[in-house]
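# Examining the three-dimensional arrangement
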Amino acid sequence: MTRKPEESLDCAAENRQGRRSGLQLNDLPIDVLGLIISRLPIGDAIRTGLISRQWKDLWRDHTMLTFSRATFPSCRMLNQQNFIRRVDSILQQHSGVGVERMEIKFLLRNARRDIDRWVKFAVASKTKELILDLSDLTRFFMLPVMVFHPYLDREGFYEFPCQLLDANNGGSHLQCLQLTSMYLKPAADFTGFLNLKRLNLIGVNITDEGVQNLLCSPNVLEFLEISFCRMLIKIHAPHFLNRLKHLQVDCCPVLEKIEMNCDLATLDFTGSSMTPLIFATTSSLTNDSSVICRLFECSNFMLLNIRKTDILDYAYLLEIAPFMEKLELHVQITGFFGQKDQVELALHILCSSTVLKNMVINPEIAIVPHDAYRPPKRGAHNFVDGRDAAMEFVCKADHRNVVEVV
C-alpha cells in the first residue's frame, strides 16, 4: 500500500525530531556534562552557564584553573586591578576542591595580599600543580633583559610564602611547582616539599643558602630547573638526592659552581665553560643518560675570559659518566668579526671537541650591551669580514657539518 504524501511528510518530520532530540546535551547525565566542561579552558567553561540554567554551576568543580590575558579575551584594557578582581570572582565561586592544576600568568607588582590569597586557595584545594608566572617576558627575552638591565628595579616583586607550603598547612599535596619572577627565601627548617616531584625556578631571586635549604629538606624531587637566577653563585646539595634524575641549569650569569650529590639521567646546562660541574655519586650518568651543554660565553665580550680555559675542560663529564651514551655540546659565537684570534679559537673548538653537536657563528653582537664593546673599524689590524672569514677558514675545516654561519 502506498503512503499518502501527507503521511510521508509527517514521518519525515518525526524522524528529524527524533534525531534532533537524540543530540541534546541536556539529556546527558550531570557527571558526564561536568566531565565535558572540565576539558574546556576555565573562561569557556564559565561561559557555558549562559547556554542553559542546568549548566550554570557545572564549572564550579573545574580541575584546571588557568588565569592569563587569554582567559579574559573580552576585556581589552586588562590592567592589574581588573585581573585581580576577575580571578577573585572566579575563585570565590569555585567549589575549592579537586583542583589538579592552577596557573597564574600575569605581570603583577605590589600585590602580595592578593597572590597570597590565591596560594592559600591552591593549598586548601589540594592542588597538585601550581604555576606562578609574574613576568611579562617569555624565556626568549629573559637573557637579553639580564644582560642589558642587570640592575633592573625589582621593587614590588612578590615574595613567595614558603610557610604556606609547610606540611602542617596542607602544602604537601603539591607535586609540581613553577615559580617565575619573584623572591624565594626558604628558612633552614623548611619542610614543604614532601611530595614535590618537579620544581622550576625561573628568574627567581634566591640565594645560595636558599637553594641549599630547599634541597636539604626531605624531598622526592625528580626534576629540578634553575634558570635566569641572577643572584646564584653556587648550587650545592650536601645530601644525596636519591630521586633526582633531571637537572636543568640555564643562564645564571654569576654562577661559579654546581655541586650535587645525585644519580642523574639528564643534565641540561647552559652557561660558562668555566663553571665546574661536580657530581658526587657512585653510578652517575649511565646507559640512556644525556648531557647537553650549551656554552654561550664565546661571544666577543667574553673572549678574553675563555682564553684562560679550554673547551676540553669539560672532558671530566666523561669521567663522571663512564657509561653515558649521549653527550651534546652546543657552542654559539657572536660578534665574530673575523679577527685572527677569533678564527683560531673557533678552529680550536671545532677540532678539539669530538662531541660537538652544533657551532653557530654570528657576526652580529647578540647579547652584549651596545656600550660594552665596539667592533673594530674597517682597516683595523687583523680585521676582515666576519662572515667571509668564517666561511673561508672555519667551514672549510668542518668535516662533520656542524658549523652554521648566520
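Our subject is the structure that appears above.
Being a predicted model, the structure only gives us computed values, none of them experimental.

### Details of the overall build of the protein chain
Along the protein chain, the regular secondary structure elements total 11 helices and 15 strands. Within the span of the protein chain, comprising 406 residues, buried residues form 47% of the whole. Across the protein chain, every contact between residues at least 6 apart in sequence was considered, and the portion connecting residues at least 24 apart equals 63%. When the accessible surface of the protein chain is totalled, it reaches about 21700 Å², and 53% of it is carbon and sulfur.

### Examining helix 11 (residues 386-394)
Residues Gly 386, Ala 389, Ala 390 and Val 394 constitute the buried set of helix 11. Buried residues of helix 11, seen end-on, are gathered within an arc of 100° and therefore sit on one face of the element. Looking at the buried positions of helix 11, the neighbouring elements they touch are helix 10 (340-352), strand 14 (356-362) and strand 15 (403-405).

### Here we look at the side chain of Asp 250
Counting through the fold element by element, Asp 250 comes out in strand 8 (residues 246-250). Judged by its relative accessible area of 13%, Asp 250 is buried. A polar contact of 3.5 Å, which involves the side chain of Asp 250, links it to the side chain of Thr 270. Not counting chain neighbours up to four residues away, the residues in contact with Asp 250 comprise Arg 139, Ile 226, Ser 227, Phe 228 and Thr 270.

### Examining the pairing of strand 6 (residues 223-227)
Working note: regular strand, side chains alternate between the two faces of the sheet. Along strand 6, five of the five residues are buried, which leaves the element largely enclosed by surrounding structure. Residues Phe 223, Glu 225 and Ser 227 line one face of strand 6 and the alternating positions Leu 224 and Ile 226 line the opposite face, and both faces are buried. Note: strand 5 (residues 198-202) against strand 6, five bridges, orientation parallel. By the bridge assignment, Asn 200 is partnered in strand 6 with Glu 225. Remark: the strand 5/helix 7 (residues 208-216)/strand 6 crossover connection has right-handed handedness. Relative to strand 8, strand 6 is paired through five bridges, and the arrangement is parallel. Along strand 8, the bridge assignment pairs Phe 223 with His 246.

### A few points about the environment of His 62
Structurally, His 62 can be placed in the loop between helix 3 (42-47) and strand 1 (64-67). The exposure class assigned to His 62 is buried, which follows from its relative accessible area of 2%. For the pair His 62 and Ile 46, spaced 16 residues apart in the sequence, the C-alpha separation amounts to 9.4 Å. In this structure, His 62 is in contact with Ile 37, Ser 38, Leu 40, Pro 41, Ile 42, Ala 45, His 94 and Val 99, ignoring residues within four places of it in sequence. A polar atom in the side chain of His 62 sits 2.6 Å from the backbone oxygen of Leu 40.

### Looking at unusual backbone geometry
Positive phi outside glycine occurs at Phe 228, with the angle close to 55°. On the secondary structure map, Phe 228 appears in the loop between strand 6 and strand 7 (234-236). Under the relative-accessibility criterion, Phe 228 is labelled buried at 5%. Although it is not a glycine, Cys 251 sits at a positive phi angle of roughly 55°. Within the fold, Cys 251 resides in the loop between strand 8 and strand 9 (257-260). Of the residues examined, Cys 251 reaches a relative accessible area of 12% and is grouped as buried.

### A closer look at helix 10
For helix 10, spanning 13 residues, the distance from its first C-alpha to its last is 18 Å, which sits close to the expected 18 Å at 1.5 Å a residue. Residues of helix 10 that are buried: Gln 342, Val 343, Leu 345, Ala 346, Ile 349 and Leu 350. Taken around the axis of helix 10, the buried residues stretch over an arc of 160°, which confines them to a single face. Turned more than 90 degrees away from the buried face of helix 10 sit Lys 340 and Cys 351, all of them exposed.

### A word on the nonpolar core
Of all hydrophobic cores here, the largest spans 73 residues; its most connected members are Phe 160 and Met 260. At six residues, helix 5 (residues 112-124) tops the list of elements feeding residues into this core. Residues contacting Phe 160, with those up to four places away along its chain left out, are Val 119, Leu 132, Leu 165, Leu 177, Leu 179, Met 182, Tyr 183 and Leu 184.

### A few points about the packing of aromatic side chains
Under the criterion given, the structure shown has four aromatic pairs. When the ring of Phe 83 is compared with that of Trp 118, the centres are 6.2 Å apart and the planes differ by 80°; the resulting orientation is edge-to-face. Of the two residues, Phe 83 sits in helix 4 (residues 80-93) while Trp 118 sits in helix 5, which places them 35 residues apart along the sequence. For the pair Phe 83 and Trp 118, one class covers both residues: buried. Look at Phe 157 and Tyr 183: their rings are 6.2 Å apart centre to centre, the planes differ by 70°, and that puts the pair in the edge-to-face class. Taken together, the residues Phe 157 in the loop between helix 6 (139-148) and strand 4 (176-180) and Tyr 183 in the loop between strand 4 and strand 5 connect sequence positions 26 residues apart. Taken together, the aromatic side chains of Phe 72, Phe 83, Phe 106 and Trp 118 make up a single cluster linked through ring pairs. Looking at Lys 185, its charged tip hangs above the ring of Tyr 183, at a distance of 5.5 Å from the centre.

### Things to note about the environment of Ile 361
Residue position: Ile 361 is located in strand 14. The spacing of Ile 361 and Ile 333 is 28 residues in sequence and 4.9 Å in space, taken between C-alpha atoms. Among residues more than four places away in sequence, those in contact with Ile 361 are Ile 333, Phe 336, Ala 390, Val 394, Val 403, Glu 404, Val 405 and Val 406.

Scoring rules and cut-offs
Residues numbered from 1 in each chain as written. Predicted model: local features only at pLDDT ≥ 70, side-chain atom pairs only at ≥ 80, totals over all residues. Heavy atoms only, no water. Helix = DSSP H or I, 4+ residues; strand = E, 2+ residues; numbered from the N terminus. Buried < 20%, exposed > 50% of the residue type's maximum accessible area, 1.4 Å probe, protein only. Contact = heavy atoms within 4.5 Å. Areas by Shrake-Rupley, 256 points an atom, 1.4 Å probe, with all protein chains shown as cover. Arc of directions from axis to C-beta. Polar contact = N/O pair within 3.5 Å; in protein donor to acceptor, adjacent residues only side chain to side chain. Pairing = 2+ DSSP bridges. Right-handed = clockwise from strand over helix to strand, strands pointing away. Expected span 1.5 Å × (residues − 1). Core = buried A, V, L, I, M, F, W, Y, C linked by side-chain atoms within 4.5 Å. Phe/Tyr/Trp six-rings, centres within 6.5 Å; stacked < 30°, edge-to-face > 60°. Lys NZ or Arg CZ within 6 Å of the ring centre and 35° of its normal.

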